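Descriptive structure summary
Each chain, letter by letter, is given below.
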Amino acid sequence: MDELDEKSRERRELLGGFGAGLVAVAFANSQAQAQTDARTVKIEPLQDPRGKYPKPPFQQQSQPWPGLASKMIPRPDHGEKSYRGTNRLAGRKALITGGDSGMGRAAAIAYAREGADVAINYLPAEEEDAKEVLELIRSAGRTAVAIPGDLRTENFCQVLVQTAIKQLGGLDILVNNAARQQTRASILDVTTADFDATMKTNVYAPFWTIKAALPYLKPGSVIIGTSSVQATDPSPDLYDYAQTKAATTNYIRSLAKQLAPKGIRVNGVAPGPIWTPLQVSGGATQEKLKKFGADSPMGRPGQPAELASIFVQLAANDASYATGQIYGSAGGGGMP
Ligand code: NAD
Ligand code: MG
């Protein structure tokens, strides 16, 4: 071996040893870090899900549609005080329809605390609820955009998406969550105007918003739809609503297949009975409302806050293999 070869061999050995040393130091550091974290982490007590939130019987109450969360008794929990983020959606830009109350509000709060800028759509009559959500997004240090308006026309859905993209500076999470639900004992009580309003809100609006948003969605973006256990186990008094939820579950599965080759994931959330304004503004009969959630194995309705982490999970980068899925949360009843 000549002198040059010998030098380069020594050099390789030196570097190899140095590299291995670095790895060992890094490993020791990460072990120490993990131990420090384990020692400093605040222990959370186990929570019994049965007694975590109010149970029926509920007080009789009724509000004109679309209802306000702030006027419900008891007030729903959207995670205002409890949701803690860990930067899972840092830098994302999200548009949520029906973001003023219920599941949409829970998602908006969680998204902002996970580091996303959030635009919410709602009806002008819901300004009071929306203001609270916008304030919560801002106090998480994120940009909050308010885009009130009625989703029942294609023109507004296009304006909504364009405004969100302009004000957020892009879009990578689209949550189609708004819906109309009005109880009718008989199909004979469902007017053509009723049927049309339910279809326009629950089926046409997601179609229109997705069409408007798709040209802007990059690989890694997500579309999330709120479906329901009604998609597979429809109630007799929700003839029009239940079939729109079957349509929602179906579009999620079809679109997931269509958009996976483009790197866009499409998933859904299927709640069971959740304590939201939709139920007290015509969505349920007074009789059903009094014992709302009693039929579920958990013995109570869910709160919007209990679904927030699902909306986060479906939007996060680490759920990269989940598409065409419907994640349920129904207290043990129904099927997603
Ligand atoms: P919610 O009343 O808080 O939210 C529904 C929102 O839809 C309203 O806040 C309103 O802003 C919006 N909306 C309705 N019509 C609109 C229109 N024409 N234009 C614009 N916005 C309109 O109630 P929620 O229960 O949180 O509903 C959110 C989603 O959850 C809906 O898709 C609903 O079908 C679904 N869901 C609810 C339950 C439940 O028990 N609450 C169960 C299963 C599924
Ligand atoms: Mg509302």
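A brief structural summary. Remember, it's a predicted structure, so these values are computed and weren't measured experimentally. (Residues numbered from 1 in each chain as written. Chains lettered and ligands numbered in written order. Predicted model: local features only at pLDDT ≥ 70, side-chain atom pairs only at ≥ 80, totals over all residues. Heavy atoms only, no water.)

As a further point, take a nonpolar patch on the surface. Among the surface-exposed residues, Ile187, Leu188 and Tyr239 lie close enough to one another that they form a single nonpolar patch of about 360 Å² accessible area. The topology assignment puts tyrosine 239 in helix H6 (residues 239-259). (Patch = residues over 30% accessible without salt bridge, like charges linked within 9 Å, V, L, I, M, F, W, Y side chains within 5 Å. Areas by Shrake-Rupley, 256 points an atom, 1.4 Å probe, with all protein chains shown as cover. Salt bridge = Lys/Arg side-chain N within 4 Å of Asp/Glu carboxyl O. Helix = DSSP H or I, 4+ residues; strand = E, 2+ residues; numbered from the N terminus.)

A word on the packing of helix H4 (residues 154-168) against helix H5 (residues 192-213). At a closest axis distance of 9 Å, the pairing of H4 and H5 adopts a crossing angle of 40°. When the axes of H4 and H5 are compared, the pair comes out oblique. Classified by chirality, the crossing of H5 by H4 is right-handed. Contacts between H4 and H5 involve Glu154, Cys157, Gln158, Leu160 and Val161 from the first element and Ala205, Trp208, Thr209, Ala212 and Ala213 from the second. Classifying every residue of the contact of H4 with H5 by side-chain character gives 7 nonpolar, 2 polar and 1 charged. (Axes fitted to C-alpha atoms, helices over the stretch in contact; angles between N-to-C directions. Parallel < 35°, antiparallel > 145°, perpendicular 65-115°, else oblique. Left-handed = near helix turned anticlockwise from the far one by under 90°. Contact = heavy atoms within 4.5 Å. Nonpolar A, V, L, I, M, F, W, Y, C, P; charged D, E, K, R; others polar.)

The tendency in soluble globular proteins is for nonpolar side chains to be buried side by side. Formed by 34 residues in total, the largest nonpolar core has its most connected members in Tyr111, Val118, Ile120, Ile224 and Phe311. Elements represented by at least two residues in this core include exactly strand S1 (93-97), helix H2 (102-113), strand S2 (117-122), helix H3 (127-139), strand S4 (173-176), strand S5 (222-226) and helix H9 (308-315). Looking at this core, the element that brings in the most residues is H2, giving 7 residues. Setting aside chain neighbours within four positions, we find tyrosine 111 in contact with Leu89, Ala94, Ile96, Ala116, Val118, Ile173, Val175, Ile224, Phe311, Val312 and Ala315. Counting 30 residues, the second largest nonpolar core, distinct from the first, contains Ile147, Leu151, Val161 and Ala212. (Core = buried A, V, L, I, M, F, W, Y, C linked by side-chain atoms within 4.5 Å. Buried < 20%, exposed > 50% of the residue type's maximum accessible area, 1.4 Å probe, protein only.)

Bringing the site of ligand 1 into the picture now. Lining the immediate environment of ligand 1, one finds 31 residues, of which Ser101, Glu126, Asn177, Tyr241 and Thr276 sit closest. In the environment of ligand 1, an oxygen atom lies 2.6 Å from a nitrogen or oxygen atom belonging to the side chain of threonine 276. Isolated, ligand 1 exposes 810 Å² of accessible area, and the fraction of that covered by the protein chains is 98%. Among the secondary structure elements, those contributing two or more residues to the shell around ligand 1 are H2, S2, H6 and helix H7 (277-283). Here the element with the most residues in the shell around ligand 1 is H7; it accounts for 3 residues. Residue composition of the shell around ligand 1, by class: 13 nonpolar, 13 polar and 5 charged. (Near = heavy atom within 4 Å. Polar contact = N/O pair within 3.5 Å; in protein donor to acceptor, adjacent residues only side chain to side chain.)

Moving on, we get to H3. Taking 1.5 Å per residue, 13 residues should reach 18 Å; H3 reaches 18 Å between its end C-alpha atoms and fits that length. Buried within H3 are the following residues: Asp129, Ala130, Val133, Leu134, Leu136 and Ile137. One face of H3 carries all of its buried residues, which in axial projection span an arc of 160°. What points out from H3, more than 90 degrees from its buried face, is the exposed set Lys131 and Ser139. (Expected span 1.5 Å × (residues − 1). Arc of directions from axis to C-beta.)

With that out of the way, let us pick up the side chain of threonine 244. With respect to the secondary-structure elements, threonine 244 resides in helix H6. Sequence-distant contacts of threonine 244, that is, excluding residues within four places in its chain, are made with Thr198, Met199, Asn202 and Val203.

With that out of the way, let us pick up the pairing of S4. Here S4 shows two buried faces, one formed by Ile173 and Val175 and the other by Leu174 and Asn176. Judged from the 3 bridges that link them, S1 and S4 form a sheet pairing that is parallel. Looking at S4, one finds that isoleucine 96 is bridged to valine 175. Taken together, the 4 bridges between S4 and S5 define a ladder with parallel strand orientation. If you follow leucine 174 over to S5, its bridge partner there is isoleucine 223. The β-α-β motif built from S4, the intervening H5 and the parallel element S5 has right-handed crossover chirality. (Pairing = 2+ DSSP bridges. Right-handed = clockwise from strand over helix to strand, strands pointing away.)

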